[in-house]
Amino acid sequence: NKNGRKDVYEDSAQPVKKRLDDLISQMSVDEKTAQMATLYGYNRVCKDFLPTESWRTALWKDGTANIDEHLNGYAYFEEKLPGVEYLWPASKHAWALNEVQRFFIEETRLGVPAEFTDEGIRGVEALKATCFPTQLSMGQTWDRDLIRKMGEVTGREARALGYNNVYSPIMDVMR
């Protein structure tokens, strides 16, 4: 609530369609465009592991639809980078993602939160997460219960780390 009143889109008691219509009607073209973009996380597009003053003028100053692979540890496989303390334990990782989210909620004009996504082709791609066989191999088992369990573990681990969405499981079938 940055304008001193509760807008319709901020009122969870309002119907979703009404909230969306209100939000979209207030968004600038830049803000709408930002909601169609994925910001690739730390040491990819985003060069900071936590928000900095430069974010106020960065490409994502108007928001972003999602941030993919932020602080998942991938970049650390090749070199030791600052921010390693936010990889583990999961509570520190979730705290860091919450700090990034705080930027989008508190520092953008309309406060639209970002979604945090991560790859999950072998479980959530993160330091110390469970690593499963490839999904192509899992698909060849034809064991839906096993794949469901893999998805449940991946989802629990992703949620503990602060991710909202993980691209998993994919049940590929080899022909």
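See above for the structure.
Cut-offs and rules
- Residues numbered from 1 in each chain as written.
- Predicted model: local features only at pLDDT ≥ 70, side-chain atom pairs only at ≥ 80, totals over all residues.
- Heavy atoms only, no water.
- Helix = DSSP H or I, 4+ residues; strand = E, 2+ residues; numbered from the N terminus.
- Buried < 20%, exposed > 50% of the residue type's maximum accessible area, 1.4 Å probe, protein only.
- Contact = heavy atoms within 4.5 Å.
- Areas by Shrake-Rupley, 256 points an atom, 1.4 Å probe, with all protein chains shown as cover.
- Lys, Arg positive; Asp, Glu negative; His and termini not counted.
- Charge placed at Lys NZ, Arg CZ, Asp CG, Glu CD.
- Pairing = 2+ DSSP bridges.
- Axes fitted to C-alpha atoms, helices over the stretch in contact; angles between N-to-C directions.
- Polar contact = N/O pair within 3.5 Å; in protein donor to acceptor, adjacent residues only side chain to side chain.
- 1 Å grid on protein atoms, 1.4 Å probe; cavity = no way out; pocket = protein on both sides within 12 Å on 5 of 7 lines; lining within 4 Å.
- Points joined across faces, edges and corners; volume = space filled by probe spheres on them.
- Nonpolar A, V, L, I, M, F, W, Y, C, P; charged D, E, K, R; others polar.
- Phe/Tyr/Trp six-rings, centres within 6.5 Å; stacked < 30°, edge-to-face > 60°.

(A) Structural view of the overall build of the chain. In terms of regular secondary structure, the chain is built from 5 helices and 4 strands. Along the chain, helices and strands appear, N-terminal first, in the series α-α-β-β-α-β-α-α-β. Seen along its three principal axes, the alpha-carbon backbone of the chain occupies a region of about 55 × 40 × 30 Å. When each of the 175 residues of the chain is scored for burial, the buried share is 38%. Partitioning the intrachain contacts of the chain with sequence separation of at least 6 by distance along the chain shows that 65% fall at a separation of at least 24. Carbon and sulfur atoms form 54% of the exposed surface of the chain, whose accessible area is close to 10400 Å². Charge-centre separation for the chain: the mean point of 23 positive side chains lies 3 Å from the mean point of 27 negative side chains.

(B) Quick look at the sheet that holds strand S3 (residues 115-119). Ordered by their spatial adjacency, 4 strands build an open sheet running S1-S2-S3-S4, and the pairing between neighbours is parallel. Sheet topology places strand S1 (38-40) and strand S4 (165-167) at the edges, where each strand pairs with a single neighbour. Each strand of the sheet is rotated relative to its neighbour by a mean of 30 degrees, with strand direction disregarded.

(C) Focus on the side chain of His93. Among the secondary structure elements, His93 is positioned in helix H3 (residues 90-106). For His93, a relative accessible area of 1% translates into the label buried. Here the side chain of His93 touches Tyr163 through a polar contact of 3.3 Å, side chain to side chain. Excluding anything up to four places from it in sequence, His93 contacts His70, Leu71, Asn72, Tyr86, Leu87, Leu161 and Tyr163.

(D) Main features of the layout of surface pockets. In this structure, the largest pocket spans a volume of roughly 230 Å³. Forming the boundary of the largest pocket are 15 residues, of which Ala34, Ala37, Leu59, Trp60 and Gly63 lie nearest the centre. Looking at the lining of the largest pocket, the elements with two or more residues in it are helix H2 (29-34) and S1. Partitioning the lining of the largest pocket into residue classes produces 8 nonpolar, 4 polar and 3 charged.

(E) The arrangement of the packing of aromatic side chains in detail. Scanning the entire structure with this criterion turns up 7 aromatic pairs. The interplanar angle of 85 degrees and the centroid separation of 5.2 Å between the aromatic rings of Trp55 and Phe103 together place this pair among those described as edge-to-face. Taken together, the residues span a long stretch of sequence, with Trp55 in the loop between S1 and strand S2 (66-68) and Phe103 in helix H3 at a distance of 48 residues. There is no split in this pair, since Trp55 and Phe103 are both buried. Measuring from ring centre to ring centre gives 5.1 Å for Phe103 and Phe104, while their planes differ by 85 degrees; the resulting arrangement is edge-to-face. Its relative accessible area of 5% is what places Phe103 among the buried residues. Through pairs of rings, three or more aromatic residues link up here, namely Tyr42, Phe49, Tyr86 and Trp95.

(F) Examining unusual backbone geometry more closely. A cis amide bond links Trp88 to the next residue, Pro89, at an omega of 10 degrees. Mapped onto the elements, Pro89 comes out in the loop between S2 and H3. In the Ramachandran plot, Leu71 falls in the positive-phi region, its phi being about 55 degrees despite a non-glycine side chain. Checked against the element boundaries, Leu71 lands in the loop between S2 and H3.

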